[in-house]
Amino acid sequence: MTAIPTHPRGRGVFAALTTLVLTAIVLTMAGVIAGVITAPASHAASTLGAAASEKGRTFGAAVANNHLGEAPYASTLNTEFSGVTPENEMKWDTIEPAQGQFNFGPADAIVNHAQSRNMKIRGHTLVWHSQLAGWVSGISTGTALTTAMRNHINGVMAHYAGDIVYWDVVNEAFNEDGTRRQSVFQQRIGNGYIEDAFRTARAADPSAKLCYNDFNIDGQNAKSNAVFQLVSDFKARGVPIDCVGLQGHFIVGQIPGDIQANIQRFANLGVDVNITELDIRMPTPASAANLQTQANNYATVVNACLAVARCTSITVWGIPDKYSWVPSTFPGQGAPLLFDDNYNKKPAYNSTLTALGGTSSSPPTTPPTTSPPTTPPPGACRVTYAMSTWNTGFTTNITIANTGSTAINGWSLVFTLPSGQAITSGWNATYSPASGQVTARNVSYNGTIAAGQSTGIGFQATHTGNTGRPASFTLNGAACTVA
Ligand code: G3I
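Worth saying up front: this structure is predicted, and the values here are computed from it rather than measured.

The rules behind the values
Residues numbered from 1 in each chain as written. Predicted model: local features only at pLDDT ≥ 70, side-chain atom pairs only at ≥ 80, totals over all residues. Heavy atoms only, no water. 1 Å grid on protein atoms, 1.4 Å probe; cavity = no way out; pocket = protein on both sides within 12 Å on 5 of 7 lines; lining within 4 Å. Points joined across faces, edges and corners; volume = space filled by probe spheres on them. Nonpolar A, V, L, I, M, F, W, Y, C, P; charged D, E, K, R; others polar. Helix = DSSP H or I, 4+ residues; strand = E, 2+ residues; numbered from the N terminus. Polar contact = N/O pair within 3.5 Å; in protein donor to acceptor, adjacent residues only side chain to side chain. Near = heavy atom within 4 Å. Phe/Tyr/Trp six-rings, centres within 6.5 Å; stacked < 30°, edge-to-face > 60°. Buried < 20%, exposed > 50% of the residue type's maximum accessible area, 1.4 Å probe, protein only. Lys NZ or Arg CZ within 6 Å of the ring centre and 35° of its normal.

Caption draft 1: Examining empty space enclosed by the protein more closely. Here the structure, examined in full by the defined rule, presents one cavity of 30 Å³ or more. Of the voids in this model, the largest cavity is the one considered here, and its volume is about 40 Å³. Taken together, Val-127, Trp-128, His-129, Asn-171, Glu-172, Ala-173, Arg-181, Ser-183, Phe-185 and Tyr-193 form the lining of the largest cavity. When the residues that make up the lining of the largest cavity are grouped by side-chain class, the tally is five nonpolar, three polar and two charged.

Quick look at the structure:
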């Protein structure tokens, strides 16, 4: 007797298919008995997912497992969206925190939620320099890192085999000027790591479409040209690639004028295009004018995608504004999504639904405002900068103390690295650029430093002999004392 293939997450594929077929038969018979087979809706769809579906597209949202228990979050997701992307739960530091030990629980919860509601799932992401487990950065040889990377891809993709429509196999591998980002993968393995990852991914789950995903490749520029070359080269040599993800993290009023042409040129290479992480940020509190511009901008992006047959999916990077990654990374900016902090539909919701061909059933409301970051008075911060150096590199542990009497809400620490030093990875803050005058910005969970409290951040860097320290630090523009 042939064994029924068992799904790696415990569900029999055969059983699931049988259920689907039986359900279809029962539904069809019910329609025949009642003498009515449901006709296609003659009215316009009233949700994003339904409207997108009528255009043959998926409209998804990035979803965080820890919010799924919040009733309005889940109901908005279930009502409006036809796709999900786990926002953080499939990233390396969560899903393989120790070598060979996989932690699928958080991602499984999202996948199960999505599957039980027929939502399409984008997998995000297999190979990325950020949110990387510490043990990966510690691997010192290309051979060992290649093995770890292949094992990671195989382990994760096997677990979700058959469940994922699109996988972001490699994420953010290029710099703005089109050169390769000096990630640990690039440094240890070299240029071939992307091809290796895609070949491994194809073998691991042949049913998944494999994507390269990046930000600031929405229009035609040096970075998107480099991705275009990569995809052209892969196609010419038969390296498996099926999709390019344009993340779509925009600033209000700054949608690239050539976004449709850019989508089209990738489609012409024979790959699907997904808008994978759409959001459009603005200064907060949000003004009515910016909310209207944002609405126009969302429509522009949706229209650009709809104009290209191979642009098959649009995903917004979150549901309500309050859970967006933006305010913690760009203090003073936010309100980038389609629903406000209270799940009210914004003007951008309405314009998006209309662009998709749907009609809104309720008017959008203006979101409540959020308070701007607090700037500490001069001298209200103290920075401790501890270094641990070796011949070509160093790590830092930086403590930022709020020595003032009011809380700091949202912070940017600015300092200048001595020449020859360049940051390769960091934690508890975003660092930009990698060398020269660097701005470290808080992340979502450490934006507030209460009076008298401190927060710790750090980074790893390379050097060319100069292991000096930054001469000074400013926090939100105010000079700090250096301990
Ligand atoms: O939730 C944990 C908390 O329990 C823990 O105590 C804390 C300390 O480590 O971490 C918290 O997790 C944080 C998570 O956001 C949830 O807030 C992570 O550290 C933090 O790094 C993470 O930020 C995410 C960011 O990627 C990391 O680079 C954002 O949520 C996520 O929206 C963002 O998404 C990225 C895409 O993956 C790739 N493209 C850019 C996009 C925006 O940065």
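Caption draft 2: The environment of Thr-403, seen in detail. The topology assignment puts Thr-403 in the loop between β12 (393-402) and β13 (408-409). Considered as a pair, Thr-403 and Gln-453 are 50 residues apart in the sequence and their alpha carbons are 7.6 Å apart. In this structure the side chain of Thr-403 is engaged in a polar contact, spanning 3.2 Å, whose partner is the backbone nitrogen of Cys-381.

Caption draft 3: Quick look at the site of the ligand. Taken together, 16 residues lie near the ligand, and Glu-87, Lys-91, His-124, Glu-172 and Glu-277 sit nearest. Between the ligand and His-124, the relevant distance is 2.7 Å, taken from an oxygen atom to a side-chain nitrogen or oxygen of the residue. A distance of 2.8 Å is found between a nitrogen atom of the ligand and a side-chain nitrogen or oxygen belonging to Glu-172. Residues that form the shell around the ligand fall into these classes: four nonpolar, eight polar and four charged.

Caption draft 4: Just the packing of aromatic side chains, in detail. Per the stated rule, a full pass over the model turns up 19 aromatic pairs. Both rings, one in Phe-185 and one in Tyr-193, keep their centres 5.8 Å apart while their planes meet at 25°; by these two values the pair is stacked. Here Phe-185 and Tyr-193 have matching classes, each one buried. The interplanar angle of 5° and the centroid separation of 6.2 Å between the aromatic rings of Phe-415 and Phe-459 together place this pair among those described as stacked. Separated by 44 residues along the polypeptide, Phe-415 in strand β14 (residues 412-416) and Phe-459 in strand β19 (residues 454-462) bring together distant segments of the chain. A residue is classified by how much of its surface remains accessible, and Phe-415, at 1% relative accessible area, is buried. One aromatic cluster is present, built from ring pairs that chain together Tyr-385, Phe-415, Tyr-431, Phe-459 and Phe-473. The lysine or arginine in question, Lys-223, covers the ring of Phe-215, its NZ or CZ lying 3.5 Å from the ring centre. Over the aromatic face of Phe-330 sits the side chain of Arg-281, whose NZ or CZ is 3.9 Å from the ring centroid.

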